[in-house]
Amino acid sequence: MRYLLGRLRHLLIVLLAVTFLTFWLVNVLPGDVAYDIAGLDASEEDVQQIREELGLDRPFLIRYWEWFTGVLRGDWGQSFRTGERVADAVLSRFPVSLELVVLAQLFAVLLAVPLGILSALRSGRMLDRVVAVSSFLFLSVPAFMMAILLIYVFGLWLGWLPVTGYEPPSAGLWTNLRTFILPALSFALAEWTVLMRVLRADMIGVLQEDYIAMARAKGMPMWRILWIHAMRPSSFSFITLLGLQVGNLIGGSIIIESIFALPGVGRLLIGAIYARDFMVIQGCVTFIAIAYVVINFTVDLCYALLDPRVRSQRAGA
Amino acid sequence: MKASFGRRMLGAAVLGAWMFPAGGAGAAGPVNGGTLTVGLETDVRGFDTVKGGVYGISGRTVAGAIEEPLVYGTVEREYKPHLALSWEANANRTEWTVKLRKGVRFHDGKPFTADAVARHFNRILDPKNKSRSRGFITAVKGARAVDEHTVVFTLKHPWEGFLPMLGGRDMGGLMESPDQTAAGKQNRHPIGTGPFVFEEWRGGDRVVVKRNPDYWDKGKIHLEEIVYRILPDPQTRYQSLRAGDVDLIWTDRANSIIDAKKDRSVVVTEQKGAGSGLFLLNASKPPLDDVRVRRAVGYALSQKITNKVLWKNTRPFAEHPLPHECKVTNYLHHDVAKAKALVAEYGKPIKLEMIHTTTPRGRELGEIDQQLLKKAGIELQLVPVDQNILVKRVFTNNYMMSGWRVADANDIGPQLFGLSYSKSPYNITRFKTKELDQLSLAMRTAKSPEARRQTECALIAYVNKNMNMRFGPGNQYYIVTRPGVKGMRPFTFGTAYVWYMWKG
């Protein structure tokens, strides 16, 4: 319980810092959302009227305090441009971003784990070298470039998968998954390389441990040694990296969601930044900050599950 | 026995006739049913004329399926009956009596009446509502319902922009449900009288509309559903069309247009529009307060070169933004010798500053203009700014020269008036003369369409001569479709009338 309360306190501090910094940065950015809303044909009076309606003529600290206390009450404000409630806008788009991140990680793990294990088992041999070269090749291609290549090959040339758009799960599982394959692969084809290298390095070390030699000597099947005895101690760095990569994916989702026209939080955020839609920017940033802290908390919990020493330490504390 | 050559040819001819009957496969009429998927550049901000902003092409493409104007404006600027069957002005053209079509209903089943029309326009005109559409129809004093299907509009003065306003497909021109508006729901859940009923709006993703089974002009509507997908990135939008994810897009990207014209898997439809690009010269900032300097800039710049380099000739040359021709425009065509002569006559070094957007297109335009002015002996400093900043600086008189635009519209008059009249807050070049005021007022209060056209031309000629604004390039719209999409009719303001189309 103390541990949980500590994490909650940590979350609140992070939220305060992140939201205050974002609010301040957006306010000092050049530009005026009132002009954007009014349009090119509006007069200065129209613009001033919009500023007053939106409360943009009030002091920055008062506006921030009103926003923050509103968030604590569940009122995240409204988009200046569309009038949509920010909470509705973010929550309706969150499942899209979540599905993208989860699938990207899943694809990355599906590639990284078997290749990492095989590379560790065949360390220094041909297979290891081929996997290493391939991984550097994929790592050197940025995600947006990978996205364009995948669109060209699988969307335009072969016509196997849709180039853009999103279909919700209610339209059918395969219909939904089809729209995520290319976007998720755009991330996964770079992410798997780092995961694989980390797993390979840790596993090479673990496979040299005495208890592994003992297990081999006892005639235990290799798959059992790998999955039951070697995988667990090799996965601490792997899991840490998975957690950190989620942060990358959340940031990188802005570009991938734009390229594939996925209606996620990333695309909402970039549109709001261009339009100086403060309330939406704040809402997205707050949500991303909460998501990041929760993910890190989950990663910490995973350590406790995997490593009994961590569980004992925390129980003792 | 081998068939003779003649018999073989006859057989081939018979086979060919059977496979390809006279008239070709495309001679079939409209096909009912199916879904058309349209790729849009932006999401709609909202459908309430008071709460929402100005539509733009994307907004009009969606709203036009759900809501309708009173009159149907053609590309030739003629006005035909639509929700209104007839209209008549009084002797001094300050009062218009409009008779409405009977039997039309809103999507919620409520009847479309004169009361709905009057409430719609009076709501826009009410200063308390602070509608941004109000500025475009200030010539209208008010509207009142005389009976269930007759509306009388009272104007402050004769206004030839009245019918164009009724035919407009932007916020003010489209009829909304008064009940839905009063309930505050029209913005996110629009109700109109149009051929399609609003079904769903997933913000940032799509808007879905379904065929209105009770539409008053059913025979013209063939699709069962239209799905509007929001695809802001122009490359993504174009690739989606090529991949078959969407059936129709609008684009202004020169590379995509040129590529599409060569690509046999898509069809390109072009339509010329009114309006134009605009180059502002702030006549209140020295040395631009001297007409010789402004005219030197006018002669030094080249619309032909800009069109070729920046737009790859996908936009037409334009001497003015009007939809009709003018015999005399006084447009200053590119002439470096004349520019240099004016610079010499001015007698002092000329250093100017131009603000432009930080987009690749904005930068390129700035660089082209810088090089052109350099040839005439004029030094130009470029100041790249964010779009929001550019607009702010223009409105707060903190600029020397800038790009702008005259939007395509049924009636260009209000924009020209705003840009020219000395007391207008929209006179952003701060060029104020008695003659220009007289021309602006004469245009605004012209008593016939012909008189209006003549005064518009006179105003343009005066502006071109004094060079506080430089028009061009013109507007050309490109709609790119998959081959199976049929029923494209001439459209206005870049807005394809998708609701009339079908898929063959």
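Residues numbered from 1 in each chain as written. Chains lettered and ligands numbered in written order. Predicted model: local features only at pLDDT ≥ 70, side-chain atom pairs only at ≥ 80, totals over all residues.

Now for the overall build of chain A. Of regular secondary structure, chain A possesses 13 helices and zero strands. Beginning at the N terminus, the succession of helices and strands in chain A can be written as α-α-α-α-α-α-α-α-α-α-α-α-α. By principal-axis analysis of the C-alpha atoms, chain A measures approximately 85 × 60 × 35 Å. Here chain A holds 317 residues, and the buried ones make up 36% of them. Of the contacts formed within chain A by residues at least 6 apart in sequence, a portion of 71% connects residues at least 24 apart. (Helix = DSSP H or I, 4+ residues; strand = E, 2+ residues; numbered from the N terminus. Buried ≥ 20, exposed ≤ 12 C-beta atoms within 10 Å, placed from the backbone. Contact = placed C-beta atoms within 7 Å.)

Residues and elements named next belong to chain B. Running from N to C, helix 9 (residues 303-310) and helix 11 (residues 360-375) cross one another at 145°; their axes reach a closest spacing of 11 Å. Between helix 9 and helix 11 lies a crossing whose hand is right-handed. Taking contact as the criterion, the partners of Ile-305, Thr-306, Val-309 and Leu-310 in helix 9 are, on helix 11, Arg-361, Glu-364, Leu-365, Ile-368 and Leu-372. Residue composition of the contact of helix 9 with helix 11, grouped by class: six nonpolar, one polar and two charged. (Axes fitted to C-alpha atoms, helices over the stretch in contact; angles between N-to-C directions. Left-handed = near helix turned anticlockwise from the far one by under 90°. Nonpolar A, V, L, I, M, F, W, Y, C, P; charged D, E, K, R; others polar.)

Residues and elements named next belong to chain B. Strand order in this open sheet of four strands is 4-5-7-6, and the pairing throughout is antiparallel. Each end of this open sheet is capped by a strand with a single partner; those strands are strand 4 (84-89) and strand 6 (140-147). Strand-to-strand, the axes of this sheet are offset by a mean angle of 20°, without reference to chain direction. Pairing geometry for strand 4 and strand 5 (residues 95-100), over five bridges, is antiparallel. Along strand 5, the bridge assignment pairs Trp-87 with Val-98. (Pairing = 2+ DSSP bridges.)

The next point concerns the interface of chain B and chain A. In this assembly, 34 residues from chain B lie in contact with 40 residues from chain A. Of all elements in the fold, only strand 10 (225-230), helix 6 (234-243), helix 12 (387-395) and strand 15 (401-406) of chain B reach the threshold of two or more residues within the side of chain B that touches chain A. A breakdown of the residues in the side of chain B that touches chain A according to their chemical character gives eleven nonpolar, ten polar and 13 charged.

Moving on to the packing of helix 14 (residues 434-444) of chain B against helix 15 (residues 449-466) of chain B. Residues and elements named next belong to chain B. Helix 15 packs onto helix 14 with a crossing angle of 155° between their chain directions and a minimal axis gap of 8 Å. Comparing their axes, helix 15 and helix 14 come out roughly antiparallel. At the point where helix 14 passes helix 15, the crossing takes the left-handed sense. Packed against helix 14, whose contacting residues are Glu-435, Leu-436, Leu-439, Ser-440, Ala-442 and Met-443, the element helix 15 presents Arg-452, Thr-455, Glu-456, Ala-458, Leu-459 and Tyr-462 at the interface. (Parallel < 35°, antiparallel > 145°, perpendicular 65-115°, else oblique.)

In this section: the pairing of strand 14 (residues 378-385) of chain B. Remember that side chains alternate between the two faces of the sheet whenever the strand is regular. Direction of pairing for strand 13 (residues 350-357) of chain B relative to strand 14 of chain B: parallel, over a ladder of eight bridges. If you follow B:Thr357 over to strand 14 of chain B, its bridge partner there is B:Val385.

Residue and element names in this part refer to chain B. Tracing the backbone through its elements, the reader meets Thr-181 in helix 5 (residues 178-182). Taking the C-alpha atoms as reference, Thr-181 lies 9.2 Å from Thr-49; in sequence the two are 132 residues apart. Setting aside its immediate chain neighbours within four residues, Thr-181 contacts Asp-48, Glu-176 and Gln-186.

Soluble globular proteins: nonpolar side chains tend toward being buried together. Core analysis: the largest hydrophobic core is formed by 136 residues, its most contacted members being A:Ala104, A:Ala188, A:Cys284, B:Ile226, B:Leu248 and B:Val498. Not counting chain neighbours up to four residues away, the residues in contact with B:Val498 comprise B:Leu36, B:Val38, B:Thr61, B:Ala65, B:Ile226 and B:Leu248. Grouped together as the second largest cluster of nonpolar side chains are 58 residues, B:Val297, B:Ala409, B:Ile412 and B:Leu419 included. (Core = buried A, V, L, I, M, F, W, Y, C linked by C-beta atoms within 7 Å.)

All names here are of chain B. Taken together, the ten strands give an open sheet; going across it, the order is 8-9-10-1-11-16-12-15-13-14, and neighbouring strands pair in mixed fashion. Each edge of the sheet is formed by a strand with only one pairing partner; in this case those strands are strand 8 (196-202) and strand 14. The mean angle between the axes of side-by-side strands here comes to 25°, regardless of whether they run parallel or antiparallel. Pairing analysis gives eleven bridges linking strand 12 (residues 267-281) to strand 16 (residues 469-481), with the strands arranged antiparallel. Opposite Thr-269, over in strand 16, you have Ile-479 as the bridge partner. Against the sheet, helix 6 contacts strand 1 (35-40), strand 11 (248-251) and strand 16, and its axis sits at roughly 150° relative to strand 11. Packing of helix 11 onto the sheet brings it into contact with strand 13, strand 14 and strand 15, and relative to strand 14 it is tilted by some 170°.

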